[in-house]
Amino acid sequence: MRFAGKLKKVMIALVAAVTFTTTGLGIAGADLQAQAASTPSISAKAAIAVDASTGQVLYDKNSTKPMAIASMTKMLSTYLVLKAIHEGKLSWNQKISVSKAVAKMSQNKTYANVPLLSTKTYSVRQLYNATEIYSANAAITALGDAVAGSPHKFVTMMKKTAKSWGITDATIVNACGLTNKEVGSTIGYSNVAGSTENMMSAQDIATVAKKLLTDYPEVLKTSSIAHAWFEKGTSSATKMDNRNYMLKGLVKHYSALPVDGLKTGTSAKAGNAFTGTVKFSNGNRIITVVLHAGSASDNGTEHFTQTAQIMSYVYHNYTTTTINKNGTIKGVKSADVQDGKALTTKLVSNSGNTKIYLPVGSDASAVTGKVSLKKTATTAGKIQAPVKNGKTVGTANLSLNKKAITVVNGTKSDTLKVNVTPKSSIEKANIFVRMWRGIKSWF
């Protein structure tokens, strides 16, 4: 977050005017419900909505073009911090020091920061909370140093991780999202233009958010905190007001959309941007991203209004169906078997229950699958016996009304898939049966 002005209080009447009610969508919500009937008109330069578990794309606008992402960078940085904690390389109560360069950055009140001193130490938990709640730039930079040893080594880790997720066209120059010049010469790169800042596409960001929620869902416990203190009772005490105004109690909260994360981003190049997530009353969790939803402003709300429109659209325009484990998939034909007692087998899903979003009015029977067998499981294109039920022999690419169901996967287009396995275990035929079949094949 480029601007560090504290969250301004807004009259209760304004909160009531923009809040969903339990019986409808309220005054401001009326427009959202009207939007729900058709694809919303979003002015953001790019946007996407995906299911948090499968990554199925539910709304898309210009989602593959890399753009400045500002502090939404911190989701990738947070992933690596939590990974280090889970691997025992950091601990929550561990005290870490900050470099003079990081301490200097933290004193700049032009940016979102909590004041840090190079002569003091801070717990990982303190710096993590400052990052997630207040978008503190120096705090996440200090955590990156603790994880990797230096800012540049941490950026290398960020790039490698992003690439492993299929994100190949990102620009990453620091852990926090400021420009190369703004982080200072020690943290920045001498061979990179000062105006350079981190860039990803909306699809990239959705991929990062999905990985973060899948692997470390505990991030929501902190990203959902509206207010907290940093070093309360000391001379460095800082009231931290979350810049995600869609959280409960803040000015763009909608009671029908219980948003609990994830990350805002604001810069001149990124404008107002936001990665949001909400778990609907029906149990479905989605991730939304809007890039450059309005001009940069610490008090701007366009990114929240447009996020609410997208979330409302998804809620009102989709239902879900589930392919259960060992469930049949329409269009998946029996597969030939090599050397089995049976010469064919029915294939069923071998994935955990897989949720699929259907446009309202669509029938679950419109979901079909096309199987691709694993080479290691086949001989001459046939499933090689013996095979036990439960062993994956291939995948079924899923389609809806004969159109591939797309999911986010970094910068690559991908299709929603389920693993497949024989419906029943396949036993291998004895040698005499196999020899007889071989003889018959000559005639």
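Model, not experiment: these values are computed from the prediction.

1. Section: the environment of Ala 342
Positionally, Ala 342 belongs in the loop between β13 (335-338) and β14 (344-345). Taking the relative accessible area as the measure of exposure, Ala 342 reaches 38% and is therefore partly exposed. Each C-alpha atom, one on Ala 342 and one on Lys 428, is 8.4 Å from the other, the two residues being 86 residues apart in sequence.

2. Focus on the nonpolar core
Core analysis: the biggest nonpolar cluster contains 73 residues, and Leu 116 and Leu 291 have the highest contact counts within it. Take this core: its biggest share by element is eight residues, from helix α3 (residues 74-86). Excluding residues within four positions of it along the chain, Leu 116 makes contact with Val 98, Val 102, Ala 103, Ser 106, Gln 107, Tyr 122, Leu 127, Ala 138, Ala 139 and Phe 230. Tyr 59, Met 246, Ala 308 and Tyr 357 belong to the second-largest nonpolar core, a separate cluster that totals 26 residues.

3. With respect to the side chain of Glu 197
Mapped onto the fold, Glu 197 is located in the loop between α7 (151-164) and β6 (199-200). One polar contact links Glu 197 to Ser 267, side chain to side chain, over a distance of 3.0 Å.

4. Examining unusual backbone geometry
The amide bond that connects Gly 261 to the next residue, Leu 262, takes the cis arrangement and shows omega of 15 degrees. With respect to the element layout, Leu 262 can be found in strand β9 (residues 259-267). With omega at 0 degrees, the peptide bond leading from Ala 385 into Pro 386 counts as cis. Looking at where Pro 386 falls in the secondary structure, it is placed in the loop between β19 (382-384) and β20 (394-400). Positive phi outside glycine occurs at Ala 70, with the angle close to 50 degrees. Secondary-structure assignment places Ala 70 in the loop between β3 (67-68) and α3. A relative accessible area of 1% places Ala 70 in the buried class. The phi dihedral of Ala 380 is positive, around 55 degrees, even though this residue is not glycine.

5. Here we look at the sheet that holds β14
Pairing is mixed in the open sheet, where four strands are placed in the order β14-β13-β19-β18. Both edges of this open sheet fall to β14 and β18 (378-379), since each of them pairs with a single strand only. Where β18 lies against β19, two bridges are found, and the strand directions are antiparallel. Counted as the bridge partner of Thr 378 is Ile 383 from β19.

6. Comments concerning the packing of aromatic side chains
Taken as a whole and assessed by the stated rule, the structure comprises 10 aromatic pairs. Ring plane angle 85 degrees and centroid distance 4.8 Å describe the contact between Tyr 79 and Trp 165, whose orientation is recorded as edge-to-face. Within this pair, whereas Tyr 79 is found in helix α3, its partner Trp 165 is found in the loop between α7 and β6, the two being separated by 86 residues in sequence. Under the relative-accessibility criterion, Tyr 79 is labelled buried at 7%.

7. A word on the UniProt feature "active site" (unreviewed entry) in the protein chain
Look at the UniProt record and you will see "active site" (unreviewed entry) annotated at Ser 71, Lys 74 and Ser 135. For this annotated set, covering 65 residues, all C-alpha atoms fall within 7.9 Å of each other, a compact arrangement in space. Set against the largest cavity, the annotated residues named above that line it are Ser 135. Tracing the backbone through its elements, the reader meets Lys 74 in helix α3. Look at Lys 74 and you get buried, because its relative accessible area is 1%. Following the sequence through the fold, Ser 135 ends up in the loop between α5 (124-134) and α6 (137-148). Taking the relative accessible area as the measure of exposure, Ser 135 reaches 2% and is therefore buried.

8. Digging into α6
Think of an α-helix as 3.6 residues a turn; residues three or four steps apart then line up on the same face. For α6, spanning 12 residues, the distance from its first C-alpha to its last is 17 Å, which sits close to the expected 16 Å at 1.5 Å a residue. By the criterion of burial, α6 is predominantly enclosed, with 10 of the 12 residues buried. Within α6, the full set of buried residues consists of Asn 137, Ala 138, Ala 139, Ile 140, Thr 141, Ala 142, Leu 143, Gly 144, Asp 145 and Ala 148. Where α6 is buried, its residues touch α3, β4 (95-97), α4 (100-106), α5 and α7. Positive backbone phi, at 105 degrees, marks Gly 149, one or two positions downstream of α6.

Analysis parameters
Residues numbered from 1 in each chain as written. Predicted model: local features only at pLDDT ≥ 70, side-chain atom pairs only at ≥ 80, totals over all residues. Heavy atoms only, no water. Helix = DSSP H or I, 4+ residues; strand = E, 2+ residues; numbered from the N terminus. Buried < 20%, exposed > 50% of the residue type's maximum accessible area, 1.4 Å probe, protein only. Core = buried A, V, L, I, M, F, W, Y, C linked by side-chain atoms within 4.5 Å. Contact = heavy atoms within 4.5 Å. Polar contact = N/O pair within 3.5 Å; in protein donor to acceptor, adjacent residues only side chain to side chain. Pairing = 2+ DSSP bridges. Phe/Tyr/Trp six-rings, centres within 6.5 Å; stacked < 30°, edge-to-face > 60°. UniProt positions renumbered as here; feature names shortened; annotations may be inferred. 1 Å grid on protein atoms, 1.4 Å probe; cavity = no way out; pocket = protein on both sides within 12 Å on 5 of 7 lines; lining within 4 Å. Expected span 1.5 Å × (residues − 1).

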